[in-house]
Every structure is written in C-alpha cells, then in structure tokens.
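# What the coordinates show
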Amino acid sequence: MHTVILRDDDTCALTPRASLERLYRPFLDRGLPVNLAVIPEVRTTVRTPDGQLEGFLTAGTKLTGALAPVAGNRELIEYLRGEPGYEIVQHGCHHDYFEFGISERAELAQRLERGARSLQEAGFTRPVAFVAPYDRMSRAAFLEVAARFEVISTGWFELGRMPLRWLPQYGLRKLRARPHWRAGRTTLMSHPGCLLSFHHPYAEMFASVRQAVESRAVTVLVTHWWEYFRGGVPDEGFIAVLHEVAAWLASRRDIRVVSFRDVANGAVSLDS
Ligand SMILES: [Zn+2]
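Quick summary incoming for the structure in this document. (Residues numbered from 1 in each chain as written. Predicted model: local features only at pLDDT ≥ 70, side-chain atom pairs only at ≥ 80, totals over all residues.)

### Structural notes on the overall build of the chain
Per the secondary structure count, the chain includes 9 helices and 11 strands. A globule of 272 residues ought to have a C-alpha radius of gyration of about 19 Å, and the chain, at 18 Å, matches this closely. In terms of overall dimensions, the chain has a C-alpha envelope of 45 × 45 × 35 Å along the principal axes. A buried classification covers 44% of the 272 residues belonging to the chain. In the chain, once contacts between residues fewer than 6 apart in sequence are set aside, the share between residues at least 24 apart is 77%. (Helix = DSSP H or I, 4+ residues; strand = E, 2+ residues; numbered from the N terminus. Rg over C-alpha atoms; globule rule 2.2 N^0.38 Å. Buried ≥ 20, exposed ≤ 12 C-beta atoms within 10 Å, placed from the backbone. Contact = placed C-beta atoms within 7 Å.)

### Some details on the pairing of strand β2 (residues 34-38)
For β2, the tally of buried residues reaches 5 of 5 residues, placing the bulk of the element in the interior. Direction of pairing for strand β1 (residues 2-11) relative to β2: parallel, over a ladder of 4 bridges. Pairing of Asp9 across the sheet is with Ala37, part of β2. After leaving β1, the chain enters helix α1 (residues 17-29) and then returns to the sheet as β2, a path that is right-handed. In the sheet, β2 pairs with strand β5 (residues 86-91) via 5 bridges, with the strands oriented parallel. (Pairing = 2+ DSSP bridges. Right-handed = clockwise from strand over helix to strand, strands pointing away.)

### Some points on unusual backbone geometry
Most peptide bonds take the trans form, and the phi angle of most residues other than glycine is negative. Even without glycine at this site, Asp135 takes up a positive phi of about 50 degrees. Inspection of the secondary structure puts Asp135 in the loop between β6 (129-131) and α5 (139-146). Positive phi, normally seen in glycine, also occurs at Ala177, with a value near 55 degrees. With respect to the helices and strands, Ala177 occurs in the loop between α6 (167-176) and β8 (180-183).

### Quick notes on α5
A large share of α5 lies buried, amounting to 6 of its 8 residues. Looking at α5, one finds that the buried residues are Ala140, Ala141, Phe142, Glu144, Val145 and Ala146. Structurally, α5 contributes buried residues whose contacts are with α4 (105-121), β6, β7 (151-153) and β9 (186-189).

### What about the packing of α1 against helix α8 (residues 236-251)?
Each pair of packed helices can be summarised by the angle the axes make with each other and by the distance between the axes. Running from N to C, α1 and α8 cross one another at 15 degrees; their axes reach a closest spacing of 9 Å. As judged from the angle between their axes, α1 and α8 are roughly parallel. Like other packed secondary-structure pairs, α1 and α8 cross with a definite hand, here right-handed. Contacts from Arg22, Leu23, Pro26 and Phe27 in α1 reach Ile239, Leu242, His243, Ala246 and Ala247 in α8. Each residue belonging to the contact of α1 with α8 can be placed in one class, and the counts come to 7 nonpolar, 1 polar and 1 charged. (Axes fitted to C-alpha atoms, helices over the stretch in contact; angles between N-to-C directions. Parallel < 35°, antiparallel > 145°, perpendicular 65-115°, else oblique. Left-handed = near helix turned anticlockwise from the far one by under 90°. Nonpolar A, V, L, I, M, F, W, Y, C, P; charged D, E, K, R; others polar.)

### Remarks on the packing of α4 against α5
At a minimum axis distance of 10 Å, the contact between α4 and α5 shows a crossing angle of 40 degrees. Judged by the inter-axis angle, α4 sits oblique to α5. Crossing geometry of α4 relative to α5 is assigned as right-handed. Of α5, the residues touching α4 (which contributes Arg105, Leu108, Ala109 and Leu112) are Ala140, Ala141, Glu144 and Val145. Partitioned by chemical class, the residues of the contact of α4 with α5 number 6 nonpolar, no polar and 2 charged.

All we've got here are geometric facts, nothing functional implied.
Okay, structure coming up:
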C-alpha cells in the first residue's frame with residue numbers, strides 16, 4: 001500500500017478561484033484531498049533573488065496595497081470553504097523571502113500568530129500543518145512551529161537546523177533512512193522535490209511522479225498552482241500532466257490519497 005499527500009503551495013488573496021477549480025476538479029470529483037498551503041497575508045512585492053516578482057503575484061489578480069489578507073478574496077474563500085476536499089495548511093505569514101529562516105523567536109511567534117489569525121478571519125478551520133515559504137526553517141522556527149502545529153512539511157532535514165532535543169530521534173531516522181519521522185508530538189515530513197513543476201520536461205513528469213510514489217510508503221507531492229498559469233496564461237500541456245496524475249492515483253487500488261489532517265489524526269502509518 002502506498003500513501004500520497006498532494007501539497008499545493010502559494011494560494012493567497014491574489015489567487016483566482018477559477019485557477020484552483022481548473023486544476024483540482026478532477027481530484028475533488030474523485031474524492032482525492034488537496035492540501036493547499038495558503039499564504040495568510042501575502043506581501044504583494046515579494047521578489048526572488050534575481051529581482052523578479054514572485055510567480056504567485058504575476059499569475060494572479062493584480063492588487064494594490066503592501067499586504068493582502070486572504071479574507072479579502074471573498075470569492076476564493078467561499079469556494080474553498082464549500083469544498084471539503086481542500087485541506088488548508090498555513091504557509092508562513094507574508095511569504096517574505098526566507099521568512100522562517102530567521103532566528104528571532106519573538107518575531108517568528110508573532111508571524112505565526114498573525115498568520116493563524118488571518119486564516120481564522122477567513123473562516124478556515126485551524127490548520128494542523130505548516131509549510132515554510134521556500135521550505136526554509138531555522139532551528140528556532142522548528143521550535144516555534146512545533147509548539148503550534150502537529151505536522152511540518154518541508155524539503156529535507158539538516159542536522160544544523162534541528163532543535164537539540166530532537167537529535168536522538170533525528171539520528172534514529174537517519175540510521176533507518178526514513179523520509180518521515182516523529183519528534184515529540186510533531187510529525188516531520190520531507191518530500192522528494194517539486195516533481196510537478198514546469199522546470200521539468202513534461203514528457204517525463206508523470207513517470208517521475210509514479211516512480212516516487214511506488215518507491216516509498218508515503219510520498220508528499222508538491223506543486224504550485226501559479227506554475228500552471230504563468231503570467232495568467234493557462235499552460236494546457238502542464239495541466240494535462242496534473243490531470244493524468246489524478247486519474248492514475250484514483251485508478252490504483254494500492255494507493256491511498258490523504259490529507260495532512262489524516263496524518264495528525266494518526267490515520268497514516270509513516271513506514272508501511
Ligand atoms: Zn511558497
């Protein structure tokens with residue numbers, strides 16, 4: 001039996017409802033949950049190191065104002081609240097560059113609380129999982145996030161960023177080469193990179209997803225809605241790959257697609 005968790009990052013106040021509906025209708029209709037890592041209060045000027053505005057800003061609706069709370073997009077939040085197949089996950093607070101790579105605990109706590117409040121104001125159920133912008137977390141960030149969330153989903157785990165009290169479990173996990181592990185009450189889940197990305201050749205993408213899922217007990221598949229709508233234009237070829245993945249996941253009786261909430265509830269075995 002294989003378990004799959006689909007994680008889509010960067011939904012925010014600028015995300016058109018129609019984009020998510022286009023991407024995920026085939027998942028929702030088949031009862032496959034979609035975990036949306038939502039930016040609570042996006043900064044509308046975030047740039048990547050090469051000076052470009054972030055893709056989630058240029059693919060979405062244009063907004064004025066430095067910060068845009070997701071609650072401001074009524075059409076989007078009513079849609080998300082009306083679809084039980086979407087599981088909302090907290091994705092930072094403003095999505096500043098390496099927002100949770102900093103070490104000041106008071107600042108980290110303030111961003112976590114502010115983000116949580118913003119999601120609550122949008123009417124979402126309290127998220128059980130956290131995804132850091134750019135999958136980057138400092139040791140202090142791991143501690144502050146673990147105090148508030150049951151599940152942390154990130155790219156990989158580096159010794160130098162681990163809280164000291166987690167080191168015994170971290171060592172054991174390394175020894176057993178486990179992609180996912182537990183420390184205290186927190187479940188820590190890694191992922192095999194963004195396999196569903198326009199940076200990869202479309203003809204090979206489905207095969208790489210299939211290989212990843214079949215070679216692990218539990219796979220977190222990460223993608224970004226805006227990559228399918230770069231500059232606001234739908235990329236039909238890429239969307240077709242995502243929909244091929246949906247059909248394949250639903251067709252396999254030995255694959256179960258679950259949400260991070262299922263993990264938090266103890267309904268998912270991480271090792272088999
Ligand atoms: Zn992000």
